[in-house]
Amino acid sequence: MLKKMCGLKGIMALVSTLVMLTAIVTMVTTSMAGPGTNNASIAWMAIKSPISSTIIPERGEVEAPSAKKAIELLATPGEFEPASFVLAAKQNDVPNIRIQASDLISDFGRIVADAVDVRLVKVWYQAGTAWYDIKRSTDEKKLIPELLVKDDDLIKVDKQSKTNRVRLSTTAGVEHVDVQLQSDGKKKILLDAHQFPIMDAAALQPFTLVSGSNKQVWVTVHVPEDAKAGIYLGTITISSGESVIGTVPLRLEVLPFRLSDPTVEYSIYYRGILTDAAPTLSSENKTEAQMCAEFKNMKEHGISNPTVYQYSSDTQALARVLGLRKRCGLSTNKNLYYLGFFVDPKEYESRSVVLQKRLLDITATANANGFIQTYFYGVDEAVGAELVRQRNAWDFVHQQGGKVYVAGKAGTFDVVGGRLDMLVAAGAPVRSEAGRYHAVGGRVFSYANPQVGVENPFVFRKNYGLVLWQQDYDGAMPYAYQHSEGSSWNDFDGRYRDHMFTYPTTDGVIDTLAWEGFREGVDDVRYLTTLVDRLEELNPCASAAVPFKMAEQHLGTLKSRPLDKLDDERLAIINLLLNLRDLHCDRKASR
């Protein structure tokens with residue numbers, strides 16, 4: 001039952017020395033000479049954990065309390081794993097900086113350099129509550145790290161006028177335009193992509209580091225699905241002009257197991273509407289190319305089943321969207337979370353025949369595209385009498401074979417009880433609330449904890465990750481992938497700050513720190529689910545083994561433990577999974 005695996009002690013010793021995600025390394029300063037450098041010096045320092053609540057300062061010292069001198073990563077085949085380091089110009093401006101990753105090489109294989117994605121963290125002006133809230137409680141403008149760009153020149157930040165100027169490239173030439181001039185502060189703006197063509201570079205572009213300033217560099221390694229377990233070594237080379245001014249060692253250990261799908265279902269409010277009209281830069285109207293790029297981006301960040309806002313009046317367009325989802329990487333889920341209209345009790349009361357046709361047409365379209373069950377949305381965030389009034393309309397949805405979901409707050413169950421099939425619950429998850437819905441066959445998803453728009457990546461990793469498992473929630477549905485009050489590129493033109501996990505461009509999206517934090521939360525749940533699945537495989541025939549009991553005990557304490565050190569939690573689960581590799585279960589013998 002318990003078989004000693006050759007080399008396990010060596011693997012465990014190595015794993016225990018690795019710092020989770022990235023090591024903090026000391027500043028390494030290199031003098032460099034070249035055209036216009038005047039023997040400037042540059043330093044680099046890796047960040048202990050890139051998914052952090054700490055804001056990296058644009059200027060000044062960045063603490064480096066450890067003596068580690070390499071970025072060290074642990075990841076499984078197929079996983080995206082982040083790292084980050086900071087460049088600092090110590091004396092003079094450092095021009096024409098280029099950053100290039102090498103292949104990652106081991107004795108038994110190679111991971112090509114294209115799997116190492118390098119971007120720059122763009123600091124720009126956001127509204128006064130940035131990093132902590134989505135309300136525009138002040139007119140203050142704060143410099144906040146948020147965007148992950150290939151071209152640092154895409155946005156010029158004017159610190160005198162406190163404005164963000166976005167680069168537009170048209171047949172008339174290149175200009176940087178103040179994004180605030182594109183909004184009137186009164187309505188949602190669908191920027192014409194031909195008149196307002198925002199597009200990041202396809203490859204990382206050279207940039208200048210101003211004397212005394214810092215630049216955070218973001219690295220994401222996508223481990224190939226067929227990568228063999230073991231240690232891969234490479235370097236990230238930093239040059240200025242023709243001179244190499246520094247190298248950052250990169251060490252990746254590919255783990256000898258694959259991650260399970262998460263036990264938590266990951267959805268998201270996606271407002272995109274497929275249109276054949278001219279492309280826009282907005283959270284709403286999308287061309288097929290834009291929508292496909294966004295579906296692929298969602299999949300890469302752990303979203304398996306976004307909502308669908310496509311209008312109910314055009315089921316052919318809805319069918320196109322559902323087909324596009326599948327072609328662009330999102331698997332057909334058993335549940336379609338439809339949001340093309342609210343189930344309005346007024347419509348039920350006055351035009352039930354019309355409502356019935358809409359429900360049946362949407363359901364038929366969903367079924368034809370591989371979905372088994374369609375969920376229809378109630379009146380958003382209703383309370384009290386407004387909830388009571390929806391009861392009969394929801395019963396009518398059930399009679400047509402549909403289910404009902406809606407966003408709501410604490411107390412919703414007391415009013416609608418078993419009539420609501422799925423609550424998208426606002427605020428911090430509460431296990432007892434989830435239990436009430438589960439007792440009547442319902443489900444609970446989480447949102448507004450916080451709303452998207454808060455730039456802090458750690459809160460998204462924590463609150464939409466292991467916290468949901470701790471509190472027995474069934475899923476996550478944060479609001480929203482994109483939602484702008486006015487222009488998608490202007491944080492100052494609405495009552496609330498824009499809710500942007502990504503920013504739309506002509507041909508895709510620009511990711512954010514918060515979006516990367518969300519993905520790490522999904523992966524935390526995937527690691528945990530892998531451990532749970534492994535224990536189920538081994539139970540009961542290996543349940544008496546010490547590694548099995550250790551894993552069970554760990555899961556028991558994790559259910560109520562504060563989640564302040566998520567890197568440590570991830571590493572503990574990895575160690576438990578490696579220990580369990582020694583255990584084998586002969587199902588035939590155990591019967």
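It should be noted that the structure appears before, not after, this text.
First things first, this report covers the structure right here in the doc. Computed from a prediction, not measured in an experiment: that's the story for all the values here.

## Points about the overall build of the chain
Summing up its helical and strand segments, the chain has 14 helices and 31 strands in all. For 591 residues, the compact-globule estimate of 2.2 N^0.38 gives 25 Å, and the C-alpha radius of gyration of the chain, at 25 Å, lies within 12% of that figure. On the principal axes, the C-alpha backbone points of the chain span a range of 80 × 75 × 40 Å. Relative to its full complement of 591 residues, the chain shows a buried share of 57%. In the chain, 73% of the contacts between residues at least 6 apart in sequence involve partners at least 24 apart. Accessible surface, the chain: about 24100 Å² in total, of which carbon and sulfur atoms supply 50%. One way to put it: in the chain the 66 positive side-chain charges average out to a point 3 Å from where the 70 negative ones average out.

## Some words on the layout of surface pockets
Put simply, the largest pocket is a space of about 790 Å³. Looking at the lining of the largest pocket, the elements that each hand over two or more residues are β18 (265-266), α2 (288-300) and α11 (513-538). It is α11 that contributes the most residues to the lining of the largest pocket, four residues altogether. Residues belonging to the lining of the largest pocket are distributed by class as follows: eleven nonpolar, ten polar and eleven charged.

## Looking at the packing of helix α3 (residues 315-327) against helix α5 (residues 352-368)
Interaxial distance between α3 and α5 falls to 10 Å at its minimum, and their mutual angle equals 30°. Between α3 and α5, the interaxial angle falls into the category roughly parallel. With respect to the hand of their crossing, α3 and α5 are arranged in right-handed fashion. Contacts between α3 and α5 involve T315, L318, A319 and L322 from the first element and D361, I362, T365 and A366 from the second. By residue class, the composition of the contact of α3 with α5 is five nonpolar, two polar and one charged.

## Details of the state of the cysteines
Across all of its chains, the model carries two disulfides by this definition. There is a disulfide in this structure between C292 and C328, and the S-S distance comes to 2.1 Å. When the S-S torsion is -115°, as for the bridge of C292 with C328, the disulfide is left-handed. One end of the pair, C292, is in helix α2; the other, C328, is in the loop between α3 and β22 (335-342), and 36 residues separate them in sequence. C328 carries the same exposure label as C292, and that label is buried. Bridging C541 to C585, the disulfide has an S-S length of 1.4 Å. Remark: C585 occurs in the loop between α13 (566-580) and α14 (587-590) and C541 occurs in the loop between α11 and α12 (546-558); sequence separation between them is 44 residues. A residue is classified by how much of its surface remains accessible, and C541, at 16% relative accessible area, is buried. Classification of C585 as partly exposed rests on a relative accessible area of 22%. Here the bonded cysteines of the chain are numbered in sequence order, and their pairing is 1-2, 3-4.

## Some words on the sheet that holds strand β23 (residues 373-377)
Strand order in the open sheet formed by seven strands is β18-β27-β26-β25-β24-β23-β22, and the pairing between neighbours is parallel. The sheet is open, and its two borders are formed by β18 and β22, each paired with just one other strand. Across four bridges, strand β24 (residues 403-408) lies against strand β25 (residues 422-426) in parallel orientation. In the strand pairing of β25, Y405 is matched with M422.

## A few points about the sheet that holds strand β12 (residues 173-178)
Two pairing modes exist for strands in a sheet, parallel and antiparallel, and in both the strands are linked by backbone hydrogen bonds. One open sheet accounts for three strands, arranged β10-β11-β12; its pairing is antiparallel. Looking at strand neighbours, the two that pair on one side only are β10 (155-158) and β12, the edges of this open sheet. Direction aside, neighbouring strands of the sheet carry axes that sit 30° apart on average. As defined by bridge partners, strand β11 (residues 163-170) adjoins β12 across six bridges and the pair is classed as antiparallel. The partner of L168 across the bridge, within β12, is E175.

## As for the nonpolar core
With 105 residues, the main nonpolar core has Y266, Y269, F295, W394, Y405, V424 and F518 as its most contacted residues. Element by element, the count of residues in this core is highest for α11, at ten residues. Core analysis: the second largest hydrophobic core is formed by 55 residues, A115, V179, Y232 and V248 among them.

## Brief notes about α5
It helps to recall that an α-helix has 3.6 residues per turn; residues three or four apart then point in one direction. Over its 17 residues, α5 runs 24 Å from end to end, which matches the ideal 24 Å to within 8%, given 1.5 Å per residue. The set of residues buried in α5 consists of L355, L359, I362, T363, T365 and A366. Angularly, the buried residues of α5 cover 165° about the axis, an arc narrow enough to put them on a single face. In α5, the exposed positions angled more than 90 degrees off the buried face are occupied by V353, K357 and A368. Elements that come into contact with the buried residues of α5 comprise α3, β22, α4 (345-350), β23 and α6 (384-399).

Rules used throughout
- Residues numbered from 1 in each chain as written.
- Predicted model: local features only at pLDDT ≥ 70, side-chain atom pairs only at ≥ 80, totals over all residues.
- Heavy atoms only, no water.
- Helix = DSSP H or I, 4+ residues; strand = E, 2+ residues; numbered from the N terminus.
- Rg over C-alpha atoms; globule rule 2.2 N^0.38 Å.
- Buried < 20%, exposed > 50% of the residue type's maximum accessible area, 1.4 Å probe, protein only.
- Contact = heavy atoms within 4.5 Å.
- Areas by Shrake-Rupley, 256 points an atom, 1.4 Å probe, with all protein chains shown as cover.
- Lys, Arg positive; Asp, Glu negative; His and termini not counted.
- Charge placed at Lys NZ, Arg CZ, Asp CG, Glu CD.
- 1 Å grid on protein atoms, 1.4 Å probe; cavity = no way out; pocket = protein on both sides within 12 Å on 5 of 7 lines; lining within 4 Å.
- Points joined across faces, edges and corners; volume = space filled by probe spheres on them.
- Nonpolar A, V, L, I, M, F, W, Y, C, P; charged D, E, K, R; others polar.
- Axes fitted to C-alpha atoms, helices over the stretch in contact; angles between N-to-C directions.
- Parallel < 35°, antiparallel > 145°, perpendicular 65-115°, else oblique.
- Left-handed = near helix turned anticlockwise from the far one by under 90°.
- Disulfide = S-S within 2.5 Å.
- Pairing = 2+ DSSP bridges.
- Core = buried A, V, L, I, M, F, W, Y, C linked by side-chain atoms within 4.5 Å.
- Expected span 1.5 Å × (residues − 1).
- Arc of directions from axis to C-beta.

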